[in-house]
Amino acid sequence: MIFIALIASVLIGSLLGWYFSKTKLIPSLLLTFSGAFLLTITVLEIFPKIYASDFLVSNGLFILLGVFIQIILETITKGAEHGHIHKTKDNEFPLAIFVGLFLHAFIEGVPLHSDTDNHLLTAIVIHKIPVALILFTFIASITDKWHKQALFMLVFALASPIGYLVGDFIPTEWMMPTMAIVSGIFLHISTVIIFESSDNHKLKQRKVISLALGFLLAYLTLHQH
C-alpha cells in the first residue's frame, strides 16, 4: 500500500503537469495547499510523537538537523521543492537539481516504518503531487520525447520507496530520530511555501482558500477516527 501511494502521487502529479502545462495558477495553489497540509501534520501529529519518545540525544537537535539538511539540499535543488525550477541557458535538464530532489524524496521515505497511522505517508503524498507536477512540467518544456519524460519521473517516483526499503535496516531506536529529521525538513519546506504564497506580504483570495483548505483537511485527517 505504501509503495502504491508513493508512486501514485508522482503519477498523479505528472498527469496534472501534462494537463495544466499552460498555467502556473494550479501548481501555485496546489503548493500552497500542500504547504498548509504539511505544516499542520508536522505540528499537530509528528512533533508530539517525537517529543513523547525517549531519544539518545535531545529531541530538538534532530529537528534542527532536518532544517539544516533541507537548507543544504536547497543549494542543490534551487528551491524546486517549493516551485522554483528554472531553465538553464543551454536548455538542458540540470542533473544536480534532479539528484537533490531524489535525495529529498529518499529521506522522506526512510521513517515510514514507524508511521503506524499513515499520517506521515499522507503528508508525503500530498506534498509530492505538486512537486511531481512542477518537475514534469519542467522536463516537458525541455524535451517532448515521452520516454525521456517517463524515465525521469519513474526514477523520481522510486526515490521514496527506496528510502522506505533502506529504513528497514535502521535500528528501531533510531527510527524516531529519523522521523524528527524529516519533520525538520517538513517544517522548513512548509513555512517557505506558505511565506512565498504571499505577494508583497498580501495574500490573494484563492491562496487564502488554499491555505484554509490545507489546514482544515489536515486537521480532519488527524481526527477522522
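Each remark here, short or long, concerns the structure printed above.
Below or above, wherever it landed, is the structure these notes cover. Not measured: the values here are computed from a predicted model.

1. Thoughts on the overall build of the chain
- Looking only at helices and strands, one finds 8 helices and 0 strands in the chain.
- The order of α-helices and β-strands along the chain, N terminus first, is α-α-α-α-α-α-α-α.
- Relative to its full complement of 225 residues, the chain shows a buried share of 49%.
- Considering only residue pairs separated by 6 or more positions, the chain has 81% of its internal contacts joining residues 24 or more positions apart.
- Total accessible area computed for the chain in this model is approximately 11500 Å², and 69% of it derives from carbon and sulfur atoms.

2. Overview of helix α6 (residues 146–167)
- With 22 residues, α6 should cover 32 Å at 1.5 Å per step; its first-to-last C-alpha distance of 32 Å lies within 8% of that length.
- The sharpest bend along α6 reaches about 30 degrees and sits at Ala-159, with the proline Pro-161 one to four residues further on.
- If you check which residues of α6 are buried, you get Gln-149, Met-153, Phe-156, Ala-157, Ala-159, Ser-160, Pro-161, Gly-163, Tyr-164 and Gly-167.
- In the core, the buried residues of α6 are packed alongside α1 (2–19), α4 (95–109), α5 (119–142) and α7 (175–196).

3. Topic: the nonpolar core
- Ranked by size, the top nonpolar core spans 34 residues in total, and within it Ile-41, Ile-46, Ile-50, Leu-112, Leu-120, Leu-121 and Phe-186 carry the most contacts.
- Of all the secondary-structure elements, those providing two or more residues to this core are α1, α2 (25–52), α3 (59–77), α5, α7 and α8 (205–222).
- Here this core takes 9 residues from α7, the largest share from any one element.
- Beyond its immediate sequence surroundings of up to four residues, Leu-112 is in contact with Ile-2, Leu-6, Leu-120, Leu-121, Ile-124 and Tyr-164.
- With 14 residues, the next largest nonpolar core counts Ile-97, Leu-135, Phe-136 and Ala-157 among its residues.

4. Some words on the packing of α3 against α4
- Orientation of α3 relative to α4, taken along the N-to-C sense of each, is 150 degrees, at an axis distance of 7 Å. The angle between α3 and α4 falls in the class roughly antiparallel. Where α3 abuts α4, its residues Ile-69, Gln-70, Leu-73, Ile-76 and Thr-77 lie against Ala-96, Ile-97, Gly-100, Leu-101, Leu-103, His-104 and Ile-107.
- Partitioning the contact of α3 with α4 into residue classes produces 8 nonpolar, 4 polar and no charged.

5. Considerations on the packing of aromatic side chains
- The full count for this structure, using the stated rule, is 4 aromatic pairs.
- Between the aromatic rings of Phe-62 and Trp-174, the centroid separation amounts to 5.7 Å while the plane-to-plane angle is 75 degrees, which identifies the pairing as edge-to-face. With Phe-62 in helix α3 and Trp-174 in the loop between α6 and α7, this pair connects stretches of sequence that are 112 residues apart.
- Residue classification places Phe-62 among the buried residues on the basis of a relative accessible area of 10%.
- When the ring of Phe-98 is compared with that of Phe-152, the centres are 5.2 Å apart and the planes differ by 70 degrees; the resulting orientation is edge-to-face. Taken together, the residues Phe-98 in helix α4 and Phe-152 in helix α6 connect sequence positions 54 residues apart.
- Taking the relative accessible area as the measure of exposure, Phe-98 reaches 6% and is therefore buried.

6. Notes on a nonpolar patch on the surface
- On the surface, Val-43, Leu-44, Ile-209, Leu-213, Leu-216, Leu-217, Tyr-219 and Leu-220 cluster together to form a nonpolar patch covering roughly 680 Å² of accessible area.
- Those elements that provide at least two residues to the nonpolar patch are α2 and α8.
- The dominant element in the nonpolar patch, judged by the number of residues it contributes, is α8, at 6 residues.
- Here Leu-217 shows up in helix α8.

Calculation criteria
- Residues numbered from 1 in each chain as written.
- Predicted model: local features only at pLDDT ≥ 70, side-chain atom pairs only at ≥ 80, totals over all residues.
- Heavy atoms only, no water.
- Helix = DSSP H or I, 4+ residues; strand = E, 2+ residues; numbered from the N terminus.
- Buried < 20%, exposed > 50% of the residue type's maximum accessible area, 1.4 Å probe, protein only.
- Contact = heavy atoms within 4.5 Å.
- Areas by Shrake-Rupley, 256 points an atom, 1.4 Å probe, with all protein chains shown as cover.
- Expected span 1.5 Å × (residues − 1).
- Bend = angle between axes of the 7 residues up to and from the residue.
- Core = buried A, V, L, I, M, F, W, Y, C linked by side-chain atoms within 4.5 Å.
- Axes fitted to C-alpha atoms, helices over the stretch in contact; angles between N-to-C directions.
- Parallel < 35°, antiparallel > 145°, perpendicular 65-115°, else oblique.
- Nonpolar A, V, L, I, M, F, W, Y, C, P; charged D, E, K, R; others polar.
- Phe/Tyr/Trp six-rings, centres within 6.5 Å; stacked < 30°, edge-to-face > 60°.
- Patch = residues over 30% accessible without salt bridge, like charges linked within 9 Å, V, L, I, M, F, W, Y side chains within 5 Å.
- Salt bridge = Lys/Arg side-chain N within 4 Å of Asp/Glu carboxyl O.

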